[in-house]
Amino acid sequence: MRLRVGLVGLGEVAQLMHIPTLHKLQQQFELAAVHDVSPSVLAEVADHWKIAKRYDTADALFADPDIDAVLILSPDQHHGEQARAAIAAGKHVFIEKPACLTPADLETLVAAEAASDRVVMVGYMRRFAPAFMAAKQELANFGPISYVRVRDVICEGPWFFNQTDKVVTPKGDIPAKLIDESRALRKEMMDAMCGADAPAIVKRGYEVMTGLCSHSLSAMRDLLGGSPKRVIGAQLSQNGEQLTAMFDYGSFTAIYECLIDDIARFDAGIEVLSKNKRLQFRYNTPYLRNLPMTLEVQESTADSNLVRTLGPFHTDAFQIELEAFHDTIVNGTPNRTPPSDSREDVDLFSKILAVATATLAS
């Protein structure tokens with residue numbers, strides 16, 4: 001079954017990731033309609049990809065009876081509201097991460113999904129990477145875990161994609177009223193999570209958590225079978241763009257380190273150790289498509305040391321997650337990343353934020 005898809009938001013992730021992927025998956029999807037608040041972006045992107053249906057508002061796109069599913073690729077503060085409107089219009093929904101910025105917004109979305117028969121999936125693409133899935137299989141016979149390291153030490157995407165792609169940006173044509181309303185909504189949500197009087201480092205830290213960190217922390221939960229028992233320690237620095245956190249998993253400790261800087265590299269991945277085994281995989285920047293990814297598994301005994309490398313895998317994680325979205329809608333396969341799964345992310349963000357804020361104050 002070929003699903004007719006509409007896109008809400010035509011920014012960087014839509015142009016570089018989802019539209020090319022949908023174009024590649026033409027047996028599963030037809031990119032039938034698009035919306036963006038910038039008329040210039042809407043026109044240029046739709047012209048380039050030869051998309052006939054172009055809507056001035058998200059609600060107009062949702063009302064289109066020919067659309068089966070929508071991808072919500074708008075700014076984070078609009079995800080919950082737009083996803084609920086799409087569900088109410090009878091559409092299946094894919095939402096780029098994070099699903100929502102606040103627990104209240106998320107719970108309303110979870111309730112809307114539960115009251116419907118629609119598939120709602122959150123785009124945690126790292127959890128669909130082949131090396132990640134291979135690591136989950138390896139952990140089934142891994143033995144008791146002794147230590148985990150999770151890492152996101154990166155340069156932001158523009159350094160990479162500016163060498164290979166052109167991203168269409170608004171030509172100053174987004175209505176001022178929409179900009180003001182969107183900023184006010186984001187501020188309201190950030191104040192709800194961080195406190196209206198929170199220092200800038202805390203608010204920026206929460207933005208980084210819901211953005212970059214959410215990929216790895218969600219993957220950590222999935223790989224290790226759930227959230228940590230508690231946050232042992234957390235510290236923000238570098239204006240909120242560096243986060244170090246330590247998690248208690250009962251029988252072992254997990255460390256997470258995050259840093260955004262201007263050194264041109266992408267050092268992201270997870271390493272899991274038991275007494276005599278180790279597995280490790282690293283993610284490449286998603287902005288250069290189909291880069292190889294491997295899983296390394298090491299096992300040592302008193303008189304031997306074996307290192308296996310699985311891969312390299314080249315299939316793009318964005319492709320695999322959209323194939324999974326299609327499969328869940330058409331064939332009823334389990335949805336691995338519904339909005340309810342994101343509850344644990346928001347809860348963990350809140351706990352990290354509380355510990356990090358207390359550390360700043362001490």
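Use the structure listed above.
Notes on the structure in this doc start here. (Residues numbered from 1 in each chain as written. Predicted model: local features only at pLDDT ≥ 70, side-chain atom pairs only at ≥ 80, totals over all residues. Heavy atoms only, no water.)

1. Description of the overall build of the protein
When you go through the protein residue by residue, the secondary structure sums to 11 helices and 14 strands. For 362 residues, the compact-globule estimate of 2.2 N^0.38 gives 21 Å, and the protein sits close to it at 21 Å. If you line up the protein on its principal axes, its C-alpha atoms span 65 × 50 × 45 Å. The buried share of the protein, taken over its 362 residues, is 51%. Look at the contacts in the protein between residues 6 or more apart in sequence, and 70% of them connect residues 24 or more apart. Approximately 15900 Å² of the protein is accessible, and the part contributed by carbon and sulfur atoms is 53%. (Helix = DSSP H or I, 4+ residues; strand = E, 2+ residues; numbered from the N terminus. Rg over C-alpha atoms; globule rule 2.2 N^0.38 Å. Buried < 20%, exposed > 50% of the residue type's maximum accessible area, 1.4 Å probe, protein only. Contact = heavy atoms within 4.5 Å. Areas by Shrake-Rupley, 256 points an atom, 1.4 Å probe, with all protein chains shown as cover.)

2. Comments concerning the sheet that holds strand β14 (residues 305-313)
Pairing within the open sheet is mixed, and its 8 strands lie in the order β8-β9-β10-β7-β11-β12-β13-β14. If you trace the sheet from one side to the other, it starts and ends with β8 (230-237) and β14, each paired once. Mean inter-strand twist for the sheet, computed between neighbouring axes without regard to direction, equals 10°. Two elements, strand β11 (residues 266-274) and strand β12 (residues 277-283), share 6 bridges in a ladder whose sense is antiparallel. For I270, the partnering residue across the bridge sits in β12 and is F281. In the packing of helix α9 (residues 200-224) onto the sheet, contacts are made with β7 (145-155), β8, β9 (242-248), β10 (253-261), β11 and β12, and the angle to β10 comes to roughly 135°. (Pairing = 2+ DSSP bridges. Axes fitted to C-alpha atoms, helices over the stretch in contact; angles between N-to-C directions.)

3. Some words on the packing of helix α5 (residues 103-114) against helix α11 (residues 342-361)
As a packed pair, α5 and α11 sit with axes 10 Å apart at the nearest point and diverge in direction by 170°. In terms of axis orientation, α5 runs roughly antiparallel to α11. Residues P103, L106, E107 and V110 of α5 touch α11, and the partners they reach there are S342, R343 and V346. Counted by class, the contact of α5 with α11 contains 4 nonpolar, 1 polar and 2 charged residues. (Parallel < 35°, antiparallel > 145°, perpendicular 65-115°, else oblique. Nonpolar A, V, L, I, M, F, W, Y, C, P; charged D, E, K, R; others polar.)

4. Considering the pattern of salt bridges
One pass over the structure, following the stated rule, counts 34 salt bridges. Across the pair R84 and D105 runs a salt bridge whose closest N-O atoms are separated by 2.9 Å. On the criterion of sequence distance, the pair formed by R84 in helix α4 (residues 79-88) and D105 in helix α5 is long-range, its members being 21 residues apart. Look at D105 and you get buried, because its relative accessible area is 10%. Ionic pairing is found between D152 and R126, a salt bridge with its closest N-O pair at 3.0 Å. Here the residue D152 occupies a position in strand β7, and R126 occupies one in the loop between β6 (120-123) and α6 (130-139), the gap between them amounting to 26 residues. When sorted by exposure, D152 lands in the same class as R126, which is buried. Through salt bridges that share partners, R127, K136, R221, D222, R336, D341, E344 and D345 make up one connected network. (Salt bridge = Lys/Arg side-chain N within 4 Å of Asp/Glu carboxyl O.)

5. Focus on the side chain of R127
In this fold, R127 is placed in the loop between β6 and α6. Within the local environment of R127, its side chain forms a polar contact with the side chain of S218, the two groups lying 2.6 Å apart. Contacts of R127, omitting those with residues within four sequence positions, involve F132, M133, S218, A219, R221, D222, R336, T337 and D341. (Polar contact = N/O pair within 3.5 Å; in protein donor to acceptor, adjacent residues only side chain to side chain.)

6. Regarding the nonpolar core
Here is a general trend for soluble globular proteins: nonpolar side chains tend to be buried in one another's company. Judged by nonpolar contacts, the single largest core of 61 residues is most densely connected at F247 and F281. Considering every element that reaches this core, the biggest residue donor is α9, with 11 residues. Those residues in contact with F281 that sit more than four places away from it in its chain are A131, F132, A135, L223, A268, G269, I270, M293, T294 and L295. Counting residues in each nonpolar core, the second largest holds 27 residues, with L31, V168, L322 and I329 among its members. (Core = buried A, V, L, I, M, F, W, Y, C linked by side-chain atoms within 4.5 Å.)

7. Some words on empty space enclosed by the protein
Following the criterion strictly, the structure yields 2 cavities of 30 Å³ or more and no others. What the largest cavity holds in volume is close to 240 Å³. Along the walls of the largest cavity sit 19 residues, with N284, L291, M293, D316 and A317 positioned nearest its centre. Counted by class, the lining of the largest cavity contains 11 nonpolar, 5 polar and 3 charged residues. What the second largest cavity holds in volume is close to 30 Å³. Surrounding the second largest cavity, P98, A99, C100, Y124, S342, D345, V346 and F349 form its lining. (1 Å grid on protein atoms, 1.4 Å probe; cavity = no way out; pocket = protein on both sides within 12 Å on 5 of 7 lines; lining within 4 Å. Points joined across faces, edges and corners; volume = space filled by probe spheres on them.)

8. Some thoughts on the pairing of β10
Strand direction decides the pairing type here: β7 and β10, joined by 9 bridges, are parallel. Directly across from V150, in β10, lies its bridge partner Y256. One ladder, built from 7 bridges, connects β9 with β10; its direction is antiparallel. Across the sheet, the residue bridging to D248 is T253, located in β10. Connecting β9 to the antiparallel partner β10 that follows it, the hairpin turn spans 4 residues, and G250 within it adopts a positive phi of roughly 85°.

Coordinates in, geometry out; function isn't part of it.
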